[in-house]
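Understanding the architecture of this molecule
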Amino acid sequence: MRLVPFLRSATVTTALVVVLNKPFGKVPALGKFFSPHIGFWQNAEPFDAVPSASLQFPSLKGATSVYFDERLVPHVFAQYDEDLYFVQGYLHAKFRLFQIDLQTRAAAGRASELAGPKAINFDKEQRRLGMVFAAENALREIEKDPLSRSLFDAYTSGVNAYIDQLTEAELPIEYKLMQATPERWSNLRTALLLKMMAKMLSSGTENDLAGTNAKSIFLPDQLKQLYPQVPDSLLPIVPSATAFARPGIVPVAPTSADSLYFSHRDTVEAHSHYQPDPDNGSNNWVVAGIKTKSGAPILANDPHLELSLPSIWYEMQLTTPTSNVYGVSLPGSPMVVIGFNDSIAWGVTNSQRDVKDYYEIRFKDESRKEYFYNGKWEPTRFRIEEIKVKDSTTVYDTVAYTVFGPVMFDQQFSNGYTKQMNLAVRWAAHDPSNEGMTFYKLNRARNYADYVEAIRTFQCPGQNFVFASKTGDIAIWQQGRFPARWPGQGLYVMPGWDSSYAWQGFIPQEENPHSLNPERGFLQSANQRAADSTYPYFIPGSYITARGVRIDKQLAGMNQITPQDMMALHQDYFNTSAEDLRPVLLKNIRIDQLTGNEKVYLDAFTNWDLLATPNSIGQTVFQCFWDSVQSAIWKDELTRTDPMAPWPTEQSTLELLVRDSALSFADDVRTPVIESLSDQITLAFKRACQVLDAEKAAGKLEWSKHMNPSVYHLLKDALPAFAHKGMKVGGYGNIVNAIKHSHGPSWRMIVHLSEKTEAWGVYPGGQSGNPGSRFYDDYISVWEKGTYHPLWLMRAEEKDDARIKGVIEFKKS
Amino acid sequence: MKFAVALLLTFLTGLAMGMTSLIPWWGFVVAAALVGAIVRQTAAKSFSAGFLGMFLSWGGLAWWIDWQNKSLLSQKIAHVLPLGGSAAALIFITGLLGGLLAGFAALCGYYARATSSK
């Protein structure tokens, strides 16, 4: 042996192995990562590969066949329900493992395990909101009922069957990049996934904290003007003139409400940093046979959510000898959520109802062990939250629980909050419920009665379930478990020491707004208020009015409707808000004060066709102008508190302007002169022109370039290479085709309930969560063009059809 | 001839050892060192045979995977790692990492058996 050179080369070799085997911060261990045997190369699937396998598992009851078509949609044929959901769990894991793992960890306030210290405050907020508490309450309901338990157990076993046989080479690429490993599934994680949806859709539809600050600035009459309950232009979900039954419960306002609540002018500094997008919403509608060319109903739905890769949806067909359903499922939970079967079709939109209230809690002392309630000191219950943090020490957070729920904000939780006010959350999502069973029943419903029975127990998040059947029925129910409130209850923080401010009960289920086969032959919902002012309950919420107005008017004027007409309505770019606003804005603008350059923008706005098409410049001018106007009118008033009072909705401002052009709020209270509305609108336009000039210089004056519609990977800016940016589509949150920067129609579906059901659908993503698969994003171009895939409700005897590209057989071992 | 044998042995053991998850990703380093010791040639040739053997083993496999994948993933990864989206660069680096490790390992093997300086 030549010792010196040997030692020298051995040192180099060892050092290389050690260095390449070691992760450095965000950089994974490069040797492992680059190894074509176990690293990222293993995620590069052969381009034309479609799964094909024969698998055996002891927990299966019989044989199940999964036929993958040319779009990688699985058509699952099982003999038993348990096998069906086992296989659904297996497929969700096979194609979306990182997604379901990440989403449920985030739902549980465990993001720090993957993301490190920067996620600690997010995790604390999730836990203090009681996300895990809510999921545990749901889990008890799920496991109480033997049928439900067996279905959720089967789903969990299916997810774990996949995870357990996963090799290092097969790990989804995100784990390789983040140097993490997947965690086994449980029914609790399914419950957490459903609570993630509950938060997405029923948290932030209240405005109690900022609203309390508004109350400290404005007089009661002003509050009614700024934040009205029923917009003038409302076209409600339940057609106007529907007669409502006398209310089964009449909640009573506390005697102290005037002094302790309505005229109490304290401000609140607490606020949530991680609120869902206020435009999480949707459209759905249904037209009856009398309005269609074929004489059969047509149902349409497009849920508007954050657009992500992989998508929140996974398309599939689930068939047993007694059931046959097609649609989209939510990876991480069993059943089909939006879809159709041989007899019916259904879709959902969000109710936008306020089901979350805050109560001020008075602790006896800093120990938080007791709080004052109905004249006595009541004990709190503590829940100790252990937050594990990647590359750092574990953080503990002790959350006090009261009769209302968790004390979300107190001295222990410092997210920029200083004032001594402890706030407990009363949230409908905390109450025990089992929403999954609604979908189990809907998947098997054959008629209107089955549909009503299926949705009856659905509690939170409140949804507008639209329905159509082969027998010609059309219907809609706004379904959820909604508190019966006395007028004004829960708009602001309430006293937490007096039970008369607690929820006194719930609106009886049969009194939820609904409509069956209305004479006009159509029904629609688009996140507007469900009913007009004759509905006998106080129902605050974050409603969006404009889309419903447009859809309602369009459907009312249509006859001989075809599915293609419904597709065109999905893609509708008409800006109904701008149609109402343009005359008021133009009337008030002082053209003589504009420069030549500004007049060019004004011309673009004046001559605009009111369509938010991708290449529209008028839409860009309008939106910048309108944002600037709202800011000029409100910002001076609203920023008198910090955090600021809530913005009046676009619809409220619009209606104030249309109704009363001498708007008293126009004056900028921060300046000595009194500005008129014309002053403000002219100034707002000039400010907007500065934004427009900058956009013009950047070549971004066209609407789609200004808006930059994009679908990001779940890890957002951490992985821009996995995203799709700059799609050529238009639309906006207030437009039927509700596309915003990274938000919009997450699934478009149209079902024609003709003799042989015809259906079309598309979502902006792909069936595979693997960025190394061509099925990762192959639907995006179809979605971008506004076209659809035909949805194929396959029959077992069609298994040799040319569309079938691969088969996985599951058997009992 | 010896060079070709050493290269081929390194290439094949590199592929074979990657097929089982029982051996860590760097298992080929041991094999390359053994080849360097068993196949007697000059230090430079030992290094080169090890380097080229694994460069082709890893680089070749990466290229084959990439070809079948139509560079769908490599283009994305070559943006995650700042390589300007170049699949070729990614394949080259893959080969280079394997090659360097095997080259130095072969050198270890060579010096372990070498008796005296020439």
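Cut-off values and rules
Each chain carries its own residue numbering, running from 1 in the direction its sequence is written. Both sets of labels track the order of writing: A upward for chains, 1 upward for ligands. For a predicted model such as this one, the threshold for reporting local features is a pLDDT of at least 70, and the threshold for listing and counting side-chain atom pairs is 80 or more; totals across whole chains, interfaces and linings nevertheless cover every residue. Counting other C-beta atoms within 10 Å of its own, a residue is labelled buried from 20 upward, exposed at 12 or fewer, and partly exposed in the gap between, with every C-beta atom placed from the backbone. Comment: elements are numbered from the N terminus, with helices defined as DSSP H or I runs of at least four residues and strands as E runs of at least two. At least two bridges found by DSSP between two strands are what make those strands a pair. Expected span, for any helix, means 1.5 Å times one less than how many residues it has. Orientation is described by axes fitted as lines to C-alpha atoms, over the contacting stretch for helices, and by angles from 0 to 180 degrees between their N-to-C directions. By definition, any crossing whose near helix is turned counterclockwise from its far helix by less than a right angle is left-handed, and any crossing with a clockwise turn is right-handed. Here the contact rule is simple: place C-beta atoms from the backbone, and any two residues whose C-beta atoms are within 7 Å are in contact. Each residue is assigned to one of three groups, with Ala, Val, Leu, Ile, Met, Phe, Trp, Tyr, Cys and Pro labelled nonpolar, Asp, Glu, Lys and Arg labelled charged, and all others, Gly among them, labelled polar. Note on angle classes: values under 35 degrees are labelled roughly parallel, values over 145 roughly antiparallel, values of 65 to 115 roughly perpendicular, and the remainder oblique. Connectivity within a nonpolar core runs through C-beta atoms within 7 Å, and the core itself is a set of buried Ala, Val, Leu, Ile, Met, Phe, Trp, Tyr and Cys residues.

This paragraph deals with the pairing of strand 26 (residues 758-762) of chain A. All names here are of chain A. The buried fraction of strand 26 is high, at 4 of 5 residues. Between strand 25 (residues 748-752) and strand 26, which pair antiparallel in sequence order, lie 5 residues. Sheet topology places strand 26 next to strand 27 (residues 789-790); 2 bridges connect them, and they run antiparallel. Bridging from a neighbouring strand, Gly761 pairs with His789 of strand 27.

Whether parallel or antiparallel, the strands of a sheet pair through hydrogen bonds between backbone atoms. Strand order in the open sheet formed by 4 strands is 16-17-11-20 (chain A), with mixed pairing between adjacent strands. In the strand order of this sheet, the two ends are held by strand 16 (407-409) and strand 20 (494-495) of chain A, each with one partner.

In this section: helix 5 (residues 87-113) of chain B. The periodicity of an α-helix, 3.6 residues per turn, causes residues three or four places apart in sequence to face the same way. Taking 1.5 Å of rise per residue, 27 residues should cover 39 Å, and helix 5 of chain B covers 39 Å from first to last C-alpha, within 8% of that figure. Burial of helix 5 of chain B is extensive: 19 of the 27 residues sit out of reach of the surface.

Residue and element names in this part refer to chain B. Contact geometry of helix 2 (residues 28-38) with helix 3 (residues 43-69) gives a least axis separation of 10 Å together with a crossing angle of 145°. For the crossing formed where helix 2 meets helix 3, the hand is right-handed. Here helix 2 contributes Phe28, Ala32, Val35 and Gly36 to the contact with helix 3, which in turn contributes Ser46, Gly50 and Met54. Of the residues contributing to the contact of helix 2 with helix 3, the split by class is 4 nonpolar, 3 polar and no charged.

Attention shifts here to unusual backbone geometry. All names here are of chain A. With an omega dihedral of 0°, the bond running from Cys460 to Pro461 counts as a cis peptide bond. Following the sequence through the fold, Pro461 ends up in the loop between helix 14 (448-455) and strand 18 (463-469). Within the chain, Asp391 stands out as a residue other than glycine whose phi angle is a positive 60°.

Another aspect to go through is the packing of helix 1 (residues 3-20) of chain A against helix 5 of chain B. In the contact formed by helix 1 of chain A and helix 5 of chain B, the axes pass within 8 Å of each other and the chain directions differ by 150°. With respect to helix 5 of chain B, the axis of helix 1 of chain A lies roughly antiparallel. As for how helix 1 of chain A packs across helix 5 of chain B, the hand of that crossing is left-handed. Of the residues in helix 5 of chain B, those in contact with Pro5, Phe6, Ser9, Ala10, Val12, Thr13, Leu16, Val17 and Leu20 of chain A of helix 1 of chain A are Leu97, Leu100, Leu101, Phe104, Ala105, Leu107, Cys108, Tyr111 and Ala112 of chain B. Residue composition of the contact of helix 1 of chain A with helix 5 of chain B, by class: 16 nonpolar, 2 polar and no charged.

Taken together, the contact pairs 35 residues of chain A with 33 residues of chain B. Only helix 1 and helix 2 (30-34) of chain A provide two or more residues apiece to the side of chain A that touches chain B. At 9 residues, helix 1 of chain A tops the list of elements feeding residues into the side of chain A that touches chain B. When its residues are assigned to classes, the side of chain A that touches chain B shows 21 nonpolar, 9 polar and 5 charged.

Judged by nonpolar contacts, the single largest core of 188 residues is most densely connected at Val87, Val286, Leu423, Val466, Phe467 and Val751 of chain A. The element best represented in this core is helix 3 (residues 81-107) of chain A, accounting for 14 residues. Aside from chain neighbours lying at most four places away, what touches Val87 of chain A is Thr64, Val66, Val76, Ala78, Gly158 and Phe810 of chain A. Judged by nonpolar contacts, the second largest core, of 51 residues, contains Leu177 of chain A together with Ala31, Val35 and Met54 of chain B.

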